[in-house]
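Working through the structure, step by step
The chain contents come next:
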Amino acid sequence: MSTLPLVFSPEVAEARANAAPIVALESTIITHGMPYPQNLETARLVEADVRANGAIPATIAIRDHSIHIGLDEAGLDDLAQAQDVAKLSRADLAVCLATGGVGATTVAATMICAARAGISVFATGGIGGVHKGAEDSFDISADLRELAHTPVTVVAAGAKAILDLPKTLEVLETLGVPVIAFGQDAFPAFWSRNSGLPAPLRLDTTRDIAQSHLMRATLGLPGGQLVANPIPDGAEIPADILKPLIDRAQSEAGAQGISGKSVTPFLLRRLFELTDGATLTANIALVRNNAALAAGIARDLAS
Ligand code: PSU
Ligand code: MN
């Protein structure tokens, strides 16, 4: 077997050598989830949040036949402004590496890369899930299966409210993925703290989350954990304000024949427009909050 095409930034290489806590960060949120320049500002803030909470950030992206674990200033800057970056999930990763393309990693692909790099904790905004109308479209994010396969604890603000959340929770249950709300009973809904659905599990400390991550490995259970961290109180957008706007964006997507990988970026962009940027402001707050929590979990895992 040939060696893994991993390229570590100097900072991440040093953290690995010292067994210091590391938090993986994805790049699709930069290329497909937020507009420029807020995407770049957010990526920098999120990295700073990880550092402020005692861990080393490792933003992951693909270029030059390599999996880059940790990007420098210029790498982040390039990615944030690049056009036509491929959105990579499990299915796309090997082709992009083989052909030398530039690719941004989704939750699924970031989990794979993080696991290969020995990183156990990953912070993002919201995972992909079962789309509304999936009974016709079959649109179910590969993120869900990845959580069942790959041993990474993913900190997200729940699943995006553009999804069918009850079905998303059902699929996660079927796949045996622990869905753990942090510090509350309800499953959060990305821009809102409460989806109206109870979370299957609840934990209140980073230590317990780290312990259950380790216990899954001890039990020989494959896969990771989803930690559903509610958006901070002052930053949320109440679900009833968003509901009609999500419905509208959804029906526009249908009318325009948007499908496959384009669905999530389209819906995020339309909600940004329909709320005059309020969803982006909330998205930035929640991903920063997730980065801080992930750093705490990574520290507990490292100690
Ligand atoms: N979280 C965000 N914004 C995003 C995403 C997550 O706050 O854009 C991305 C992640 O990369 C996630 C992807 O894996 O959206 C889901 O895409 P899909 O529904 O096509 O699987
Ligand atoms: Mn999809």
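As a convention, each chain's residues are numbered from 1 in the sequence order in which they are written. Here the convention is simple: chains get letters from A, ligands get numbers from 1, in the order in which they are written. Since the coordinates come from a predicted model, pLDDT governs what is reported: local features require at least 70, and pairs of side-chain atoms require 80 or more to be given and counted, while whole-chain, interface and lining totals use all residues. Only hydrogens and water are set aside; all other atoms, that is, all heavy atoms of the structure, feed into the side-chain values.

1. Side note on the packing of aromatic side chains
By convention, a stacked pair of Phe, Tyr or Trp rings (six-membered ring in the case of Trp) has centres within 6.5 Å and planes under 30 degrees apart, an edge-to-face pair has planes over 60 apart, and any other such pair is tilted. According to the stated counting rule, one finds one aromatic pair in the structure shown. Positioned over the ring face of Phe190 is Lys160, at 6.0 Å from the centre of the ring. Either the NZ atom of lysine or the CZ atom of arginine qualifies as a charge over a ring when it sits within 6 Å of the ring centre and within 35 degrees of the ring normal.

2. Points about the confidence of the model for the chain
Confidence of the predictor at the level of single residues is captured by pLDDT, which takes values from 0 to 100. Per-chain confidence: the chain averages 97 in pLDDT, with 100% of residues scoring 70 or above. Per the convention used, a helix needs a DSSP run of H or I reaching at least four residues, while a strand needs a run of E reaching at least two, with both numbered from the N terminus. Summarising per-element confidence for the chain, the mean pLDDT is lowest in helix α7 (residues 134-137) (94) and highest in strand β2 (residues 22-25) (99).

3. Digging into the pairing of strand β13 (residues 225-228)
A two-sided burial pattern is seen for β13, the buried positions comprising Gln225 and Val227 on one face and Leu226 and Ala228 on the other. A pair of strands counts as paired when DSSP detects no fewer than two bridges linking them. Bridge analysis of strand β8 (residues 153-156) against β13 gives four bridges, and the strand direction is parallel. Looking across to β13, one finds that Val155 is bridged to Val227. Throughout this description, buried means an accessible area under 20% of the type-specific maximum (1.4 Å probe, protein chains only), exposed means over 50%, and partly exposed covers the range between.

4. Brief notes about the side chain of Thr42
Mapped onto the fold, Thr42 is located in helix α3 (residues 38-52). Note on Thr42: relative accessible area 4%, which makes it buried. Two N or O atoms form a polar contact when they lie within 3.5 Å of each other; inside protein one atom must be a possible hydrogen donor and the other a possible acceptor, and for residues adjacent in sequence the pair counts only when both atoms belong to side chains. Side-chain polar atoms of Thr42 contact the backbone oxygen of Gln38, separated by 2.6 Å. Residues are treated as being in contact if the distance between any of their heavy atoms lies within 4.5 Å. Residues within four places of Thr42 in sequence aside, it is in contact with Met34, Ile284 and Val287.

5. Section: a nonpolar patch on the surface
A cluster of nonpolar side chains, namely Met215, Leu219 and Leu221, defines an oily patch on the protein surface of about 290 Å² accessible area. Looking at where Met215 falls in the secondary structure, it is placed in helix α10 (residues 206-218). Residues with no salt bridge and a relative accessible area higher than 30% make up the patches, which join like charges within 9 Å and nonpolar side chains (Val, Leu, Ile, Met, Phe, Trp, Tyr) within 5 Å. To measure how exposed things are, a 1.4 Å probe is used in the Shrake-Rupley method; for residues, cover is taken only from the protein chains shown. Between Lys or Arg on one side and Asp or Glu on the other, a salt bridge is scored when a side-chain nitrogen of the former is within 4 Å of a carboxyl oxygen of the latter.

6. Let's talk about the packing of α3 against helix α4 (residues 73-81)
Packed helix pairs are specified by the crossing angle of their axes together with the interaxial distance, meaning the distance between the axes. Simply put, an axis is a line fit to the C-alpha atoms, just over the touching stretch for a helix, and the angle between two N-to-C directions goes from 0 to 180 degrees. The contact between α3 and α4 brings their axes to 9 Å, and the two run at 145°. Considering the relative orientation of α3 and α4, their crossing is right-handed. Contacts from Asn39, Leu40, Ala43, Arg44 and Glu47 in α3 reach Glu73, Leu76, Asp77 and Ala80 in α4. For this classification, Asp, Glu, Lys and Arg are treated as charged, while Ala, Val, Leu, Ile, Met, Phe, Trp, Tyr, Cys and Pro are nonpolar and the rest, including Gly, are polar. Classifying every residue of the contact of α3 with α4 by side-chain character gives four nonpolar, one polar and four charged. By convention, the crossing between two helices is left-handed when the near helix turns anticlockwise from the far helix through less than a right angle, and right-handed when the turn is clockwise.

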